[in-house]
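An overview of the molecular structure
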Amino acid sequence: MKADVVVLGAGIVGVSTALHLQALGRDVALVDRGQPGEGTSYGNAGLIERSSVVPYAFPRSVTTLLRYALNRSSDVRYESRDLLGAVPFLLRYWRQSSPRNLRAATRAMLPLIEASVSEHEAFIEAAGAGDLVRADGWIAAYRTPRRFQAAIAETAALAPYGLRLALLDGAAVSALEPSMTTGEDGIHGAVHWLDPKTVRDPGELTKRYARLFERRGGRILVGDAATLAETSRSWSVESAHGEVRARDVVVALGPQAGLVFRRLGYRIPLGIKRGYHRHFALPEGVQLHHAMVDEEAGYVLAPMRQGVRLTTGIEFARADRPADARQIAHAERRARQLLPLGEPVESTPWLGRRPCLPDMRPVIGAAHRHGGLWFNFGHAHHGLTIGPASGRLVAELVTGSPPFVDPSPYRADRFG
């Protein structure tokens, strides 16, 4: 079987890449060992995060680091047995989070963040996925006056980015979310970010995009990316329908990207941030209308088709380490202080893995040692947000079209 391009990985990044390549006239085969949208793209807070213009940096406050060292937080947890192995990545992440480097990362990511909503909108309309998406933003909630005042100052610093927002006191939060606890025992104030869109089922959104790709003539094949091999002027990969050959191949495998690039000799410091989610059925009369981030406890509550999704922050642990429910149990206890959650929908929490680079930007573009090999991975917390935008960029590079943003900040050879 032949194609112009094989895209490895059928998450939001891979499916978006395939759609953009297809739109530029390429015959594309999308290959994954599972079905579209059932990996990392399934488990997230469902935010198309236009307001997140500053990347998630490594904390540099001693107070924050000491709090995390206690390992009792729902926003950051570590597995002590795996901490030594994570030290090289964490040190690079810490260095890249200096004020100067963070400004550089912000400049690098801004074009993709700015394009996030418009790139999604084109796919949403074409895929008939409007029923999955809301355009009323999300709420960042603060429990204490001190943290709320700090957040107000931070929003003032973001004024040059032209973001739309509303500052809410407790009464205004109650007007938007009557079931939320406010006041002294709950939310003191909040920032309502108005530009982002929210998705009621991120996995289904990816599936709708994948069906659009198929309707337009694309092929989705079950296959093993680990079988990727270079042949004379082409690449091959094994699928359930036999060998697939193409002149170009795009590695969009998210946290599994290392299965390919390490074997081919690339030393890219890809790290994994694990995270959990679980859905809850709300009791009768209780409602949640907006995605809400508890900024002081480090979890998200998001209304989904399956129920209210509770997501944790980051867990640093070996990728193949069995799930540990302590972090999400802690998040659940804190969440129940603000919203009367009902019973969990699933018997056990879902565990996912975010692919991260220490300089807080993905790898997008040509693999500098191999012709016809392209990378598009490492989107960290923003795979859903910038998947369509990064897919457009790599498709333009593969086809030789003028790139809509400068691709140099995302080069694979920037790590040496």
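Going by the structure above, here's the rest.
Residues numbered from 1 in each chain as written. Predicted model: local features only at pLDDT ≥ 70, side-chain atom pairs only at ≥ 80, totals over all residues. Heavy atoms only, no water.

Let's shift gears to the packing of aromatic side chains. By convention here, two paired aromatic rings are described through the distance between centres and the angle between planes. Evaluated as defined, the whole model comprises eight aromatic pairs. Measuring from centroid to centroid gives 5.5 Å for phenylalanine 58 and tyrosine 93, while their planes differ by 85 degrees, and the two rings are edge-to-face. Pair noted here: phenylalanine 58 is in the loop between β3 (47-48) and α2 (62-69) and tyrosine 93 is in helix α3 (residues 83-96), with a separation of 35 residues, a long-range link. In this structure, phenylalanine 58 and tyrosine 93 share a single accessibility class: buried. (Phe/Tyr/Trp six-rings, centres within 6.5 Å; stacked < 30°, edge-to-face > 60°. Helix = DSSP H or I, 4+ residues; strand = E, 2+ residues; numbered from the N terminus. Buried < 20%, exposed > 50% of the residue type's maximum accessible area, 1.4 Å probe, protein only.)

Turning to the pattern of salt bridges, a few remarks are in order. Scanning the model with the defined rule gives 27 salt bridges in all. Here aspartate 294 and arginine 143 are joined by a salt bridge, their closest N and O atoms 2.7 Å apart. Here aspartate 294 is found in strand β14 (residues 291-294), whereas its partner arginine 143 is found in the loop between β6 (138-142) and α6 (145-157), with 151 residues between them in sequence. The pair formed by aspartate 294 and arginine 143 is uniform in burial state, with each residue classed as buried. Of the charged contacts in the structure, one is a salt bridge between glutamate 204 and arginine 211, with a shortest N-O distance of 2.8 Å. Ionic contacts of the salt-bridge type, sharing partners, join the residues Arg77, Glu79, Arg81, Arg274, Glu315, Asp324 and Arg326 into one network. (Salt bridge = Lys/Arg side-chain N within 4 Å of Asp/Glu carboxyl O.)

To continue, consider the packing of helix α4 (residues 99-114) against helix α11 (residues 383-399). Interhelical geometry of α4 versus α11 gives an angle of 90 degrees and a closest axis separation of 8 Å. Comparing the axis directions of α4 and α11 gives the class roughly perpendicular. Contacts between α4 and α11 involve Met109, Leu112 and Ile113 from the first element and Thr385, Ile386, Ala389 and Ser390 from the second. (Axes fitted to C-alpha atoms, helices over the stretch in contact; angles between N-to-C directions. Parallel < 35°, antiparallel > 145°, perpendicular 65-115°, else oblique. Contact = heavy atoms within 4.5 Å.)

Counting residues in each nonpolar core, the largest one holds 60 residues, and the members touching the most others are Val7, Leu21, Leu205, Tyr209 and Val250. Examining the composition of this core, we find that seven residues originate from one element, α11, more than from any other. Aside from chain neighbours lying at most four places away, what touches valine 7 is Gly14, Thr17, Ala18, Leu21, Val28, Ala29, Leu30, Val31, Val250 and Ala252. Ranked by size, the runner-up nonpolar core spans 30 residues in total, among them Ala3, Ala29, Val249 and Ala367. (Core = buried A, V, L, I, M, F, W, Y, C linked by side-chain atoms within 4.5 Å.)

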